[in-house]
Structure formats: C-alpha cells, structure tokens
Amino acid sequence: MTDIPMGDGPAGAVPAAEVPEVDLYHPHSWITKYVFSQDAKVIAIQYSLTALAIGMVALVLSWLMRLQLGFPGLFSFIDANMYLQFITMHGMIMVVYLLTALFLGGFGNYLIPLMVGARDMVFPYANMLSYWIYLLAVLVLAASFFVPGGPTGAGWTLYPPQAITAGTPGQEWGIVLMLVSLILFIIGFTMGGLNYVVTVLQARARGMTLMRMPLTVWGIFTATVMALLAFPALFVASVMLLFDRLLGTSFFMPSLISMGERMAHRGGSPILFQHLFWFFGHPEVYIVALPAFGMVSDLISTHARKNIFGYRMMVWAIVGIGALSFVVWAHHMYVSGMHPYFGFFFATTTLIIAVPTAIKVYNWVLTLWRGDIHLTVPMLFALGFIVTFVNGGLTGLFLGNVVVDVPLSDTMFVVAHFHMVMGVAPIMVVFGAIYHWYPKITGRMFNDWLGKFHFWVTFLGAYAIFFPMHYLGLIGMPRRYHDIGQLSFVPDSAHTLNAFISVMALIVGFAQLVFLFNMVWSLRKGKEAGSNPWRATTLEWQTPETPPGHGNWGKELPVVYRWAYDYSVPGAPEDFIPQNTPPLGLAAEGGHP
Amino acid sequence: MPTAIILLLVAVGSVLFHIVSPWWWTPIASNWSYIDHTLTATFWITGAVFFAVVAFMAYCIFRFRHVEGRKADYEPENRKLESWLTVATAIGVTAMLVPGLFVWHQFITVPAGAAQVEVMGQQWRWSYRLPGADGRLGTSDVQYISAENPLGLNPNDPNGKDDVIIDGGDLHFQIGRPIKVLLRSVDVLHNFYVPEFRAKMDMVPGSVTYFWFTPIRAGEFDVLCAELCGLAHSQMRGKVIVESAQAYNAWLAQQKTFAEMSARSRTAAAERQPDQERARPGR
C-alpha cells in the first residue's frame, strides 16, 4: 500500500483505495426497505423506537415506586410484591433494554457507518437479525407482566438463591422469562456488536485513520468490544441460573431451607453468581458511559466551535477506562462476604479509574475554555451531562474506597450515586445526541423553545431528585424497602424529603412527554434543517442527501483528509473544515492527526 | 448569562445543602469513627473538585458565550497542562485511597480476645447464638434444623451443648468489649445492618462471614436487613441493646443453652407421646 501525498503535511496523507467501491443491493418493496431492512439507518431507528417504548414502561414503573416511597400507604394497590417487581423491571429495562440498546443498537447503527464513511454495516443481514432478536427479547420481557405470578421481583441483580426460591415474587414464571429474555438479548447484541467492531476496523473511508475518527466512534467502538467480552459472563450466569431453576442443578445453590422445606440442592455457591454478574455488570456501566463520553465530546466541540482539547489523551482515556473496567467488578461485592483481601485490590483498581475519567472531564471543560459557546439545546444537555457526571463520578469514589463503602452499601446513597452517574448523565447525552442528530435523521429541526424547556426541567429536576437522595443514604435509609416504616434513626424530616423527591420524579417524568411531543411534532412541522445545520466537521453531515439515502454516499465514497475537530482553524475562511475537505495549505493543518 | 448563573447556583447550592442539611448519619455507636473520618475527608476532596469544575464551566459559559465576531482558539493539545492535571488527580485519589486501605486492614483484622456472637438470618427473622462457658461455638448444618433445633446445631458436637440460643429475642452487647460477629443464613442472602455500628456484612447460605466492632455507646438500636431477601425484606427487623457489663451478665444469665432447650423439648415430646398414643389406639 502506498500513501498518496494529498497535501503539504501529515494531515493531508490519504492511503490509496485497496478495494473497488461496490454497489449495494437496493431494496425495492416497502417491507424490505422499512420492516425487514438491512440498512443500518433504518435498523437504528427500529432499535431506538423500541428502546424508547420499553423505556417508557420503565419510566412509569419508577413513578409507581416513587409514589409508594414518597407516600407509603396512600396507594394501596402497590404492595411489597409489586414494589419488588417494579424495581427489578425498572432496573433491568433501563440498564440493558434502554441504555445499552439505544447507545449501541440505536446510535451505533446510525452513526458508525456515516461517521467512518462506510456504505453500511459490513454484515447487514446479521445486523437486521440482531434487531429482530432484540425485539423478541423485549417482547419476552414484557410478557412477564402477564404471566401467573407476574414478573420477577428478585432485584435487578437477580441474586440467587432468592431469585429462584419461594418468598420472591415471580419465582415461578417471571424469573424464567427474565433469564430467557436476557439470553436472547445477548444473542441479538452479539450479532450487532460484531458488526460495529468489524465495520470500524474494516470499512472506514480512505484517509479515515483510527486517530482521525470522531470520539463518538471511539466510544461506541470501545464499548462494543467491551460488551462482546462482558456479556458472555451474563450469558453463562443466566443459563446456569435457568438450569438451577428448571433442572435442579446446583451451580449457585448450597443446601438450604426455603419456607421450612429442605431443598434438594447442595454444594453450589451464591457468590459465584455475583462474580459472574458483576464481571458483566461493572463493564456494563462503561458500556453505557463510553458512547456517552464520545458523543458528548463531539457535541461540546461542535457547539463550542473549538477543537476537542487533548484528542489523543481522550482516545487513550477511553481505551484505558475500557480495559481497567474489567478488573474492578468486585467493588460491588465489598460486603458480599467474599474474601476480605480482595478489598485491597479492587479498591485500588477502582480508584485508579478515576484518573483517566478525570482527564476526560478536564478536557471537556478545557474545550469550553476560549471557545465560542453556542448555548443550543444539544450544548445545554452536554453541559448538564458534565455536571451530573462529575457529581455522580465523585460519589463513586466513596463507594469504590472499600471501607467507606461499608456503611453506605445497600443504602439510598448507592441508588443516588448510580442514578446520577449512570442514569441521569447518560440520559442527558441521549437527549443531547437526539437533538443534535435529529436534523440529519429527519431533515427537520426540533422546536427550540420546547427543547430548552425539556432541558431545564429534566436537568434541574433530576438533580433535585438524586442530589438530596445521597443524604437519605447517609442517614442509613436502606434501599429496596417498599416501606421504611418507623425507624429510630430516621427523622420525620427525612420522610418529607422522600416525598419531595417523589414529587420531583413525577415532574421530571412529565417533562419527557414534552420531549416526545416535540419529536413527533417536529417531524412534520419542524424547521427545514438543510444538510449541515450545526456547521459540523464530521462526515455524517457531508452526505449528498439529508436524510442520507441507502448506501449513504451516492456514487462516490468520501475521502478523509483531516481529524474530526478542525473548528476555528486560524486562517480558514469558515470556523469549521469538514473532514473530507482537502488541505487548504494552512499552517495549523500540518501538525494534527 | 442565565445558564452560567444557574450552573453556579447548582454548585453553590450543593455545597450549602451539604453544610446546612439536617440529614447526616446517625451518631456513631462503635469504634469505626475511622470510617466516618475517611468519609468526611472524601467529602472535602470531592466537594472541592466538584465546585471547581462546575464553577469553571460557569465562568467559561459566561466569558466565552457566543457573541457576534467571536472566534474560538485553536489549541489541540497542551501536554504540560494535561500532565499537570493528571498528576494532581493521582495525588488526590491517593490521598483518599491510602487511608482507606489502612482502615480496611483494621476492619478485617479481628483483635485477639474478641468475644463471639453468631447471627443467623432466615426469611424473615433473626436468631443469635453465643458460645457458652467453653468459649467455643459448636458446629452447625442446615440438615440438623428442626422445630426443636431451629439453628441447626450439631447435636453430636460437645462444643455446642452450652451454646446460648436466642431465637427471636433481642441481642445484647457489652459496652467496650470487641465483638466478632459471625454471620450465617439458612435460606437466602441477608445482611445484618445496624446503622449506628457502621460495619455490616452479607450473610451467605453455605458459608460463614464476619465483621468485628466494639460498641462504645449504650442504647437500643434497630437491626435491619440490608440485602434483598424476598417479600418481607423490609419487615425483617430486630433490636440490639448495648449496655454495661453488669446488665449484660444479668441478661445472659436468663438465656437458655442448647442443652437446656433440647432437654426441655425432649421432656415436652415425652409428655406429648402418651397423648398421641391414646389418640391413635390402632397402632
């Protein structure tokens, strides 16, 4: 392979095309185009709409939980049984079926081929199957609401023996459907995930070196590699638990007595399940966070009209966080009864992750420094992300530092921490990203006023929910209680605070309806967007059509000459230079990727 | 401008909330004030970082907001600044981690001479066992559990005969005496949690876990289960009482040993036997 010199410095070097550009098969019928579609963009929309739909179910469940917690006894239809089912389904849906599916299946499918300049995913048929299996997984999960005994109430971590013994709601049918649904989800995800990885590695446009890729692609790519390594642990844990439940094996079941009856199991280890679960569960946090990190970097850079600060460090921080996240899982298990010496190792690795994570935060705020900050709705959500992520990330230092975790584990402090860092912060990015890329997907702009209303209510409301919740945990208020009842150490004022949190949760929930309304309304009535309304540099904004057609690029694939962040380059005629613009001969172009 | 002000208010408001909020942990009743100190130090370090980052953002939004004709700087990298920030972060993290690890070492090292108590969890009640005069707990297993032997003590183990069984009552602790709490469950995961003691640990069926502490304040404290254990998880309550040695010994003297309980249940069974024989004359 030879480099074709395309400019006066390394920024301009573009490798020759190694393979001819082939024509795609173009579907003609409505069904092959929009239902059983092999176009990554359509699959992305299918994934996103399904994830948002099941996410709405999880949102309603959170309302019901908060009604019970804030006003215990007032809503007699919510009993202990239902409460446990609500927390379990809410947690699992939000983490796996909404966030993972939306970031990787939704944004991954839409953005990867467009941002790396590919025609589509490399295995379009497997890509299509991945969505349909995901849909099946969602349907199986939703079906558990309608089976005898209802969905499982084992808590989202599904810890055995409790998950499969009497005394737990949904122990008969619900848990089986949950495990089957997870197994399906992982099968479907693997098909999609292999596509994202291979597409990034094999189908990039000429000149799109790894170090020129937008951070969004880096985030999704690294998260997908992690997911392909972490989900198998959940897969085997689910299969083994299913065997324990249905076939009477004893992978996780020691000799025990359930409701006065001696069970036939013996010799299994409940802790083994926790190790498998968290070997998946902790990387899962970053599987959600890394795409969010990537996207927010692109949002901040674009709307501050400034190159992302410290791109190379950002890339290495993403990769470093991804790698480190595989050696920290047991910080979820400090009080699980595992060998106490593990605490030293896992506390150290956990706190080391704070360093690359902090670097990312510094680089975001340093990108704002001396920028030209446009407070658009995507930018507002990006700023909201930084605030909530920093807040939630710092409280993670409490829980990662083993001995400080001891009094706080299993309290509302943990609930507050992970909702701030893994719920609110990535959701801020989800919204920011939808507001940012909606014009490319639909050709229309969102209504700005409604968008700002949505942002402020969501950001301030969510902050008002989860910031004070930490203090309920400090008091010692335990989590997973449907009714705190009278406890000598909980003052009445804490119950008032709990009620306030519930009211805020209702308000924030309703603000999401404004967003949904805006999304539907703007589809028809939104302002025409044009092809590049944010004047962004990355390839997806340079497509010949908006929304992009099948195959993305018309006759010719783009050629990439520069990194993704050439904003406000000194001497350039405009404050952005798209990645496919050949070198302009400016001094600033020479030294950057 | 309003955005910058609101973000600044969020930062200032969070700090003020922390300072004036009436919601703070319960007054400690054990020796683990080290944990409280580590937590307080973590609050100061992380609080300062949070305030600095958000306030800096607010300043940038105010100072570099878009106005006609503004152009952003072009500065892809600044190795020196990035290295400096990395080192400062590493120092901050170390300042939290190192004391934490020292305290953890203390947390998992039970002092010689600590008294023992076994806590057994089952859906959804607490039972306790204390070693008797021999100072040793007898072995136990799920297979021995019966109505007469609710804790599943091995009837053939002589060490268990004098074990004191408290099945369903309150647990008492002697003030100032280190206690190693052994934790056992017969069904699902539980977690013996007294917020005032700070220390806690899960109870795992099939194994025995532990933590230790020294009660330092007399009083009556709520016991909660902190690990999701099924439907009545939130109702799994109990009480522990920390008291003087004198009061503790008086309480201990009233408790029954395993041998006494077994003898009593044997007598009760023997008394029941003739009645049952009469009721079933055919046998």
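Cut-offs applied
Each chain has its residues counted from 1, running along the sequence as written. Chains and ligands are labelled by the order in which they are written, letters from A for the one and numbers from 1 for the other. Under the rules for a predicted model, residues below a pLDDT of 70 receive no local features and side-chain atom pairs below 80 are neither given nor counted, while totals for whole chains, interfaces and linings still include all residues. Side-chain figures throughout are based on the complete set of non-hydrogen atoms in the structure, without hydrogens or water. Numbered from the N terminus, helices here are DSSP runs of H or I no shorter than four residues, and strands are runs of E no shorter than two. Each radius of gyration reported is based on C-alpha atoms, and the globular scaling rule is 2.2 Å times the count of residues to the power 0.38. For every residue, the accessible area obtained with a 1.4 Å probe (protein chains only) is divided by the maximum for its type, and the residue is called buried under 20%, exposed over 50%, and partly exposed between those limits. Contacts are residue-level and defined by heavy atoms, with any inter-residue pair within 4.5 Å sufficient. Each accessible area is a Shrake-Rupley estimate made with a 1.4 Å probe; only the visible protein chains count as cover when residues are assessed. This count recognises Lys and Arg as positive and Asp and Glu as negative, with His and chain-terminal groups excluded. By convention, charge coordinates are those of NZ in Lys, CZ in Arg, CG in Asp, or CD in Glu. Nonpolar cores were defined as sets of buried Ala, Val, Leu, Ile, Met, Phe, Trp, Tyr and Cys residues, with membership established by side-chain atoms within 4.5 Å. Source of the domain bounds: an automatic or database domain assignment. For this document, the term salt bridge refers to a Lys or Arg side-chain nitrogen within 4 Å of an Asp or Glu carboxyl oxygen. Buried area: the accessible surface (1.4 Å probe) lost by two parts on joining, summed over both. Polar contact is the term for a pair of N or O atoms within 3.5 Å; when the atoms are in protein, one must be able to donate a hydrogen and the other to accept it, and sequence-neighboring residues count only if both atoms are side-chain atoms. Polar here means any residue outside two lists: the nonpolar Ala, Val, Leu, Ile, Met, Phe, Trp, Tyr, Cys and Pro, and the charged Asp, Glu, Lys and Arg; Gly therefore counts as polar. Lines fitted to C-alpha atoms define the axes, with helix axes restricted to the stretch in contact, and inter-axis angles between N-to-C directions lie between 0 and 180 degrees. Any angle from 65 to 115 degrees is called roughly perpendicular, while one under 35 is roughly parallel, one over 145 is roughly antiparallel, and all others are oblique. Crossing handedness follows the turn of the near helix against the far one: under a right angle anticlockwise gives a left-handed crossing, and clockwise gives a right-handed one. UniProt positions are given in the numbering used here, feature names are shortened, and annotations may be inferred rather than shown by experiment. A pair of strands is considered paired only if DSSP assigns at least 2 bridges between the two. Here a Phe, Tyr or Trp ring, Trp counted by its six-membered ring, pairs with any other such ring whose centre lies within 6.5 Å, and the pair is stacked when the planes are under 30 degrees apart, edge-to-face when over 60, and tilted otherwise. Here a patch means residues that are over 30% exposed by relative accessible area and free of salt bridges, tied together within 9 Å if like-charged and within 5 Å if nonpolar (Val, Leu, Ile, Met, Phe, Trp, Tyr).

**As for the overall build of chain B**
Counting its regular elements, chain B contains five helices and 11 strands. Whereas a compact globule of 283 residues would reach a radius of gyration of roughly 19 Å, chain B reaches 28 Å, over 25% beyond that. Overall, chain B is about 105 × 45 × 35 Å in size when its C-alpha atoms are taken along their principal axes. Buried residues in chain B amount to 51% of all 283 residues. By sequence separation, contacts in chain B at least 24 residues apart represent 71% of the contacts at least 6 residues apart. In the structure as shown, chain B presents an accessible area of about 12900 Å², 61% of it carried by carbon and sulfur atoms. One finds the centroid of the 25 positive side-chain charges in chain B at a distance of 2 Å from the centroid of its 26 negative side-chain charges.

**Notes on the nonpolar core**
Tyr97(A), Trp364(A), Phe107(B) and Phe192(B) are the most contacted members of the largest nonpolar core, which totals 287 residues. Of the residues forming this core, the biggest block, 24 residues, is contributed by helix 3 (residues 80-116) of chain A. Taken domain by domain, this core gets at least three of its residues from each of domain 1 (2-65 + 79-107) and domain 2 (115-271) of chain B. Core analysis: the second largest hydrophobic core is formed by 10 residues, Val142(B), Ile145(B), Ile165(B) and Val186(B) among them.

**Section: the pattern of salt bridges**
All names here are of chain B. Within the structure shown, the criterion is met by 16 salt bridges over all chains. With a shortest N-O distance of 3.2 Å, aspartate 167 and arginine 125 are connected by a salt bridge. Residue aspartate 167 is found in strand 3 (residues 164-167), and its partner arginine 125 is found in strand 2 (residues 125-130); the two are separated by 42 residues along the sequence.

**Some thoughts on the interface of chain B and chain A**
If you look at the interface, chain B gives 93 residues, while chain A gives 118 residues. Interface area for chain B against chain A, summed over the two sides, is near 9000 Å², with a carbon-plus-sulfur share of 70%. Contact with chain A buries area across many residues of chain B, yet Trp23(B), Tyr74(B) and Trp104(B) alone supply 10% of it, more than any other trio. If you look at where chain B meets chain A, you find three salt bridges. Taking the shortest distance from any N to any O, the salt bridge between Arg370(A) and Asp73(B) comes out at 3.8 Å. Across the contact surface, chain B and chain A share 32 residue pairs in polar contact (both at pLDDT 80 or more). Of all elements in the fold, only helix 1 (2-20), helix 2 (33-63), helix 3 (79-108), strand 6 (190-193), strand 7 (200-203), strand 8 (209-213) and strand 9 (219-225) of chain B reach the threshold of two or more residues within the side of chain B that touches chain A. Among the elements that line the side of chain B that touches chain A, the one with the most residues is helix 3 of chain B, at 17 residues. Residue classes in the side of chain B that touches chain A are distributed as 54 nonpolar, 23 polar and 16 charged.

**Examining the side chain of Thr411(A)**
Following the sequence through the fold, Thr411(A) ends up in the loop between helix 11 (402-408) and helix 12 (412-442). Judged by its relative accessible area of 0%, Thr411(A) falls in the buried class. One polar contact links the side chain of Thr411(A) to the main-chain carbonyl oxygen of Leu408(A), over a distance of 2.6 Å. Ignoring any residue separated from it by four or fewer positions in sequence, one finds Thr411(A) in contact with Gly473(A), Gly476(A), Met477(A), Pro478(A), Arg479(A), Tyr193(B) and Lys200(B).

**Remarks on the environment of Leu179(A)**
All names here are of chain A. As for its placement among the helices and strands, leucine 179 is situated in helix 5 (residues 174-202). With a relative accessible area of 1%, leucine 179 lands in the buried category. It is 5.5 Å that separates the C-alpha atoms of leucine 179 and serine 238, two residues lying 59 residues apart in sequence. Leave out the neighbours within four places in its chain, and leucine 179 touches Leu158, Ser238, Leu241 and Leu242.

**Digging into the packing of helix 13 (residues 448-475) of chain A against helix 14 (residues 492-525) of chain A**
Residue and element names in this part refer to chain A. In contact at an axis separation of 9 Å, helix 13 and helix 14 are set at 155° when each is read in the N-to-C sense. Between helix 13 and helix 14, the interaxial angle falls into the category roughly antiparallel. Helix 13 and helix 14 meet at a crossing whose hand is left-handed. Here the residues of the contact of helix 13 with helix 14 are counted per class, giving 22 nonpolar, seven polar and no charged.

**As for the environment of Leu228(B)**
Inspection of the secondary structure assignment puts Leu228(B) in the loop between strand 9 and strand 10 (238-243). Sequence-wise, Leu228(B) and Leu9(B) are 219 residues apart; in three dimensions their C-alpha atoms are separated by 38 Å. Beyond its immediate chain neighbours, meaning those up to four positions away, Leu228(B) contacts Leu84(A), Gly153(A), Ala154(A), Gly155(A), Gln162(A), Arg480(A), Leu189(B) and His233(B).

**Things to note about the UniProt feature "domain: Cytochrome oxidase subunit II copper A binding" (unreviewed entry) in chain B**
Per the UniProt record, "domain: Cytochrome oxidase subunit II copper A binding" (unreviewed entry) is annotated on residues 112-254 of chain B. Secondary structure content for residues 112-254 of chain B is 6% helix and 38% strand, while the C-alpha to C-alpha distance between its ends is 27 Å.

**Some details on the pairing of strand 10 of chain B**
All names here are of chain B. In terms of residue burial, strand 10 counts as a mostly covered element, since five of its six residues are buried. Pairing geometry for strand 4 (residues 171-174) and strand 10, over four bridges, is parallel. For phenylalanine 173, the partnering residue across the bridge sits in strand 10 and is valine 242. Both strand 9 and strand 10 contribute to a ladder of five bridges, which runs antiparallel. Paired with aspartate 222 across the strands is lysine 239, a residue of strand 10.

**Describing the domain arrangement of chain B**
Residue and element names in this part refer to chain B. By domain assignment, chain B separates into domain 1 (2-65 + 79-107) and domain 2 (115-271). Once you take the C-alpha centre of each, domain 1 and domain 2 turn out to be 40 Å apart. Contacts between domain 1 and domain 2 engage 12 residues on the former and 14 residues on the latter. Together, Ala29, Asn31 and Phe107 form the three largest contributors to the area buried by domain 1 at its contact with domain 2, with a combined 45%. Linking domain 1 with domain 2 are one salt bridge, by the criterion used here.

**Here's the deal with the packing of helix 9 (residues 342-368) of chain A against helix 3 of chain B**
Look at helix 9 of chain A against helix 3 of chain B: their axes get within 9 Å of each other, and the N-to-C directions meet at 155°. Between helix 9 of chain A and helix 3 of chain B, the interaxial angle falls into the category roughly antiparallel. At the point where helix 9 of chain A passes helix 3 of chain B, the crossing takes the right-handed sense. Taken together, the residues of the contact of helix 9 of chain A with helix 3 of chain B sort by class into 18 nonpolar, six polar and one charged.

**Focus on the packing of aromatic side chains**
Think of a pair of aromatic rings as described by two things: how far the centres are apart, and how the planes are tilted against each other in angle. For the structure shown, the criterion picks out 77 aromatic pairs over all chains. Arranged with centres 5.0 Å apart and planes meeting at 85°, the rings of Phe277(A) and Trp278(A) form a pair that is edge-to-face. With respect to class, Phe277(A) is no different from Trp278(A); both count as buried. For the ring pair Phe211(B) and Phe213(B), a centre distance of 6.1 Å and an interplane angle of 35° mean the geometry is tilted. Owing to a relative accessible area of 0%, Phe213(B) belongs among the buried residues under this scheme.

**Thoughts on a nonpolar patch on the surface**
All names here are of chain B. Together, Leu8, Val12, Val15, Leu16, Ile19, Val20 and Phe51 line one region of the surface with nonpolar side chains, adding up to about 590 Å² of accessible area. For the nonpolar patch, the leading source of residues is helix 1, giving six residues. Position of valine 15 among the secondary structure elements: in helix 1. Here valine 15 falls in the partly exposed class, since its relative accessible area comes to 33%.

**Description of the sheet that holds strand 1 (residues 115-122) of chain B**
The strand order across the open sheet formed by six strands is 8-5-1-2-3-11 (chain B), and the pairing between neighbours is mixed. At either margin of the open sheet sits one strand with a lone partner, and together these are strand 8 and strand 11 (256-257) of chain B.

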